[in-house]
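# Report on the structure
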Amino acid sequence: IKANPSLSYSAQVNHDRLADEDPTNGTGRMNAEVNMSSRFFRIFEDPPGPVLAMRHTVAPSVGVNYSPKPNFWGTEPDDVSRVQEQLTASFSLNQDFDIKLPVGDESRAGAAETAPEGQAADGEEPEAAPTRDEVPTRTINLLNLTNTMSFDIRRQREEDELGFGQLNTRISTGVGERFNISM
């Protein structure tokens, strides 16, 4: 489990040289946030077909963000009454499906198998047959699925309001080097 706390303060100062009174005004806002995440995975060693291995990774995360009502200087109180404190939670679930495929010239391995025992097909010494772990491989992201949603806790406290934000789902794949789909 990984936890990332953060605390920040941002300020914006405006200066109007043409204003007669209070030429300088601005806002300042504090923000406190805690994000927690984890990552779990499972490796499947012998999937069917030419796939050497498959890995399924699940990475859930949750975050809470709090910002009190900002402080203003140099402005009228009517201008700042709309701005409220913020208290939100965010949820995310990321899933990856990766596969490991063999890479290389399969015809060379086939030629070595057809030569007489003790002699390679091209007259050279035979090479030991590579084991499944020694075969050159490449990893491909077969599928990535990400779900995210936010929840406005302050808005939920108000009457007749729901705090749920939109549920966003993103699906992508990197099946080939020149073929990727994302939606």
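Note that the structure is a prediction, hence the values are computed from the model and not measured. (Residues numbered from 1 in each chain as written. Predicted model: local features only at pLDDT ≥ 70, side-chain atom pairs only at ≥ 80, totals over all residues. Heavy atoms only, no water.)

### What about the overall build of the chain?
Per the secondary structure count, the chain includes three helices and nine strands. Written out in order from the N terminus, the α and β elements of the chain read β-β-β-β-β-α-β-α-β-α-β-β. Across the 183 residues in the chain, those meeting the buried criterion constitute 19%. Put simply, 63% of the contacts in the chain that link residues at least 6 apart link residues at least 24 apart. Total accessible area on the chain stands at roughly 13,800 Å², and carbon and sulfur atoms take up 53% of it. (Helix = DSSP H or I, 4+ residues; strand = E, 2+ residues; numbered from the N terminus. Buried < 20%, exposed > 50% of the residue type's maximum accessible area, 1.4 Å probe, protein only. Contact = heavy atoms within 4.5 Å. Areas by Shrake-Rupley, 256 points an atom, 1.4 Å probe, with all protein chains shown as cover.)

### Overview of the pairing of strand β8 (residues 168-173)
In this sheet, β8 lies alongside strand β7 (residues 137-152) in antiparallel orientation, the contact comprising five bridges. Each bridged residue has a counterpart across the sheet, and for T148 the counterpart in β8 is N168. As paired strands, β8 and strand β9 (residues 181-182) are joined by two bridges and run antiparallel to one another. Within the sheet, the bridge partner assigned to S172 lies in β9 and is S182. (Pairing = 2+ DSSP bridges.)

### Things to note about the environment of M183
Structurally, M183 can be placed in the segment after β9. Judged by its relative accessible area of 64%, M183 falls in the exposed class. Remark: the alpha-carbon pair of M183 and T173, spanning ten residues in sequence, is separated by 9.4 Å.

### Some points on the packing of aromatic side chains
Inspection of the entire model under this criterion finds one aromatic pair. Seen in terms of ring centroids, F151 and F164 are 4.8 Å apart; in terms of plane orientation they differ by 65°. Their pairing is edge-to-face. Of this pair, F151 sits in strand β7 while F164 sits in the loop between α3 (153-157) and β8, and the two are 13 residues apart along the sequence. Using a relative accessible area of 51% as the deciding quantity, one classes F164 as exposed. (Phe/Tyr/Trp six-rings, centres within 6.5 Å; stacked < 30°, edge-to-face > 60°.)

### Observations regarding the pattern of salt bridges
This model, assessed by the stated rule, comprises one salt bridge. With its nearest N and O atoms 3.1 Å apart, the salt bridge here joins R55 to D98. Of this pair, R55 sits in strand β4 (residues 53-67) while D98 sits in strand β6 (residues 86-102), placing them 43 residues apart in sequence. Judged by relative accessible area, R55 falls into the partly exposed class, the value being 33%. Of the residues examined, D98 reaches a relative accessible area of 11% and is grouped as buried. (Salt bridge = Lys/Arg side-chain N within 4 Å of Asp/Glu carboxyl O.)

### Brief notes about a nonpolar patch on the surface
Residues I1, V34, M36, V62 and F91 make up a contiguous nonpolar surface patch of roughly 480 Å² in combined accessible area. Here F91 lies in strand β6. (Patch = residues over 30% accessible without salt bridge, like charges linked within 9 Å, V, L, I, M, F, W, Y side chains within 5 Å.)

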